[in-house]
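# Understanding the architecture of this molecule
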Amino acid sequence: ATRQGLQQKFPAAATEIDAFFSALEGAQRAAMAVFRMRALPGPLAAAYRWWTRALIGRWVARSIDEVLRETITDPKLRAVLSAQWPDHGGAPRSGSFAMHAEVMRHFLGGSRYPVGGAAVFAKALVPVIERAGGKVMLSARVERLLMEGERIAGARLADGSEHRAAVVVSAAGARNTVETLLPEELRDAQWVRDILSLELTPCHVGLYLGLEGDIRAAGATAANHWIYGTWDTGAATWRDPERTEPPLLFVSFPSLKDADHEPGPQQRHTAEAVAWVDWETFAPWEDSSLGHRPDGYARYKAMLGERLLAHFARSFPRIAPLVRHSEVSTPLT
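Right, let's walk through the structure included here.

So, how was this worked out
Residues numbered from 1 in each chain as written. Predicted model: local features only at pLDDT ≥ 70, side-chain atom pairs only at ≥ 80, totals over all residues. Heavy atoms only, no water. Helix = DSSP H or I, 4+ residues; strand = E, 2+ residues; numbered from the N terminus. Contact = heavy atoms within 4.5 Å. Lys, Arg positive; Asp, Glu negative; His and termini not counted. Charge placed at Lys NZ, Arg CZ, Asp CG, Glu CD. Axes fitted to C-alpha atoms, helices over the stretch in contact; angles between N-to-C directions. Parallel < 35°, antiparallel > 145°, perpendicular 65-115°, else oblique. Left-handed = near helix turned anticlockwise from the far one by under 90°. Nonpolar A, V, L, I, M, F, W, Y, C, P; charged D, E, K, R; others polar. Salt bridge = Lys/Arg side-chain N within 4 Å of Asp/Glu carboxyl O. Buried < 20%, exposed > 50% of the residue type's maximum accessible area, 1.4 Å probe, protein only. Pairing = 2+ DSSP bridges.

## Remarks on the overall build of the protein
Helix and strand counts for the protein stand at twelve helices and nine strands. With the C-alpha coordinates of the protein rotated into their principal frame, the extents come out at 60 × 55 × 45 Å. Restricting the contact set of the protein to residue pairs at least 6 apart, pairs at least 24 apart contribute 65%. Across the protein, the mean location of the 38 positive side-chain charges is 5 Å away from that of the 38 negative side-chain charges.

Set out below in structure tokens:
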């Protein structure tokens with residue numbers, strides 16, 4: 001359906017669109033090859049890397065922009081096909097085409113949403129962890145990774161308690177992990193410097209809306225919306241929020257995706273609108289803490305909310321009057 005829709009919108013590019021979809025399949029095979037390689041023992045991984053080197057070089061090692069320029073002539077069609085890049089954070093000029101293909105192929109299958117919302121993951125997983133003797137701790141800030149010899153052996157929390165394990169996994173991001181949690185004596189290693197050289201991906205601000213009314217009749221659907229104010233999808237970051245409009249707004253209606261959502265007699269629903277921003281915008285307040293932000297931050301956050309809501313209203317004029325509640329999140333929160 002997506003392929004046919006694109007070919008109807010861009011009839012002169014029908015053959016190129018077919019070629020692009022073939023490229024998606026090849027790139028997904030390349031991405032899976034990388035995943036398999038990471039799971040193999042050293043000697044087998046080396047052999048597998050040699051066997052798949054051409055496939056990986058063609059799709060993983062090239063950017064989204066490179067492959068699109070090779071495949072698609074129309075710059076507007078290239079923009080449409082690259083628009084989902086913020087889902088994985090690799091901008092068209094630098095992001096791996098294989099990662100982009102993974103995301104696009106996922107959504108071509110119709111995507112998925114957990115029945116009951118995201119909280120069901122915790123409800124399902126926590127009892128399994130606890131039955132196996134594990135423990136789940138909330139609001140437990142990790143202060144430091146612990147060393148035993150040359151291996152990471154656990155973590156120290158801000159309350160001073162230490163927790164040790166045979167295997168330690170950090171999901172805080174590679175850069176955050178080595179920059180803030182790794183012991184000082186390891187930070188001069190070349191692999192650490194390699195990680196610290198990675199360019200930061202954009203942050204985001206979120207507008208969360210509570211709605212009352214028949215939002216389907218007003219035009220809302222379960223689809224994701226990528227609303228660009230430019231054909232240059234790589235310029236998606238909102239650089240000057242006080243003087244400009246966001247060049248990209250992602251809009252979604254989560255309550256329409258959840259098969260268990262009961263809107264009730266007031267027909268209550270939710271929406272989210274997300275814009276990508278530069279971290280430097282919020283750097284002046286990075287040392288403040290939740291509940292103790294200065295007045296300047298509160299005013300700035302309120303301004304962001306007003307601008308995002310106005311953008312949402314222009315894009316969904318029939319839904320905007322149904323907004324009853326709004327709340328803003330920033331990279332600090």
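Now, onward.
## Quick notes on the packing of helix α2 (residues 14–39) against helix α7 (residues 97–108)
Viewed as axis vectors pointing N to C, α2 and α7 meet at an angle of 110°, and their least axial separation amounts to 8 Å. On the basis of the axis angle, α2 is roughly perpendicular to α7. The handedness of the crossing between α2 and α7 is left-handed. Listed contacts from α7 to Phe20, Phe21, Ala23, Leu24, Glu25, Ala27, Gln28, Ala31, Met32 and Phe35 of α2 are Phe97, Ala98, Ala101, Glu102, Met104, Arg105 and Leu108. Considered class by class, the residues forming the contact of α2 with α7 number 13 nonpolar, one polar and three charged.

## Notes on the pattern of salt bridges
One pass over the structure, following the stated rule, counts 17 salt bridges. For arginine 62, the salt bridge goes to glutamate 70, with nearest N and O atoms at 3.0 Å. Taking the relative accessible area as the measure of exposure, glutamate 70 reaches 52% and is therefore exposed. Linking arginine 69 and aspartate 65 is a salt bridge whose minimum nitrogen-to-oxygen distance equals 3.0 Å.

## Considering the packing of helix α5 (residues 64–71) against helix α6 (residues 75–82)
α6 packs onto α5 with a crossing angle of 140° between their chain directions and a minimal axis gap of 10 Å. In terms of orientation, α5 lies oblique with respect to α6. Once α5 is placed against α6, the crossing between them reads as right-handed. Side by side, α5 and α6 meet where Ile64, Leu68 and Arg69 of the first sit next to Arg78, Leu81 and Ser82 of the second.

## Quick notes on the pairing of strand β5 (residues 225–228)
Regular strands place their side chains on alternate faces of the sheet. Judged by which residues are buried, β5 turns out to be one-sided: Trp226 and Tyr228 face inward and are buried, whereas His225 and Ile227, on the alternate face, are not. As paired elements, β5 and strand β7 (residues 248–252) share four bridges and run antiparallel to each other. Across the sheet, isoleucine 227 pairs through a bridge with leucine 249, a residue of β7.

## Digging into the sheet that holds strand β3 (residues 162–164)
Taken together, the three strands give an open sheet; going across it, the order is β1-β2-β3, and neighbouring strands pair in antiparallel fashion. The open sheet has two edge strands with one neighbour each: β1 (142–148) and β3. The mean angle between the axes of side-by-side strands here comes to 30°, regardless of whether they run parallel or antiparallel. Inspection of the sheet shows strand β2 (residues 151–157) paired to β3 by three bridges, in the antiparallel sense. Within the sheet, the bridge partner assigned to alanine 155 lies in β3 and is histidine 163.

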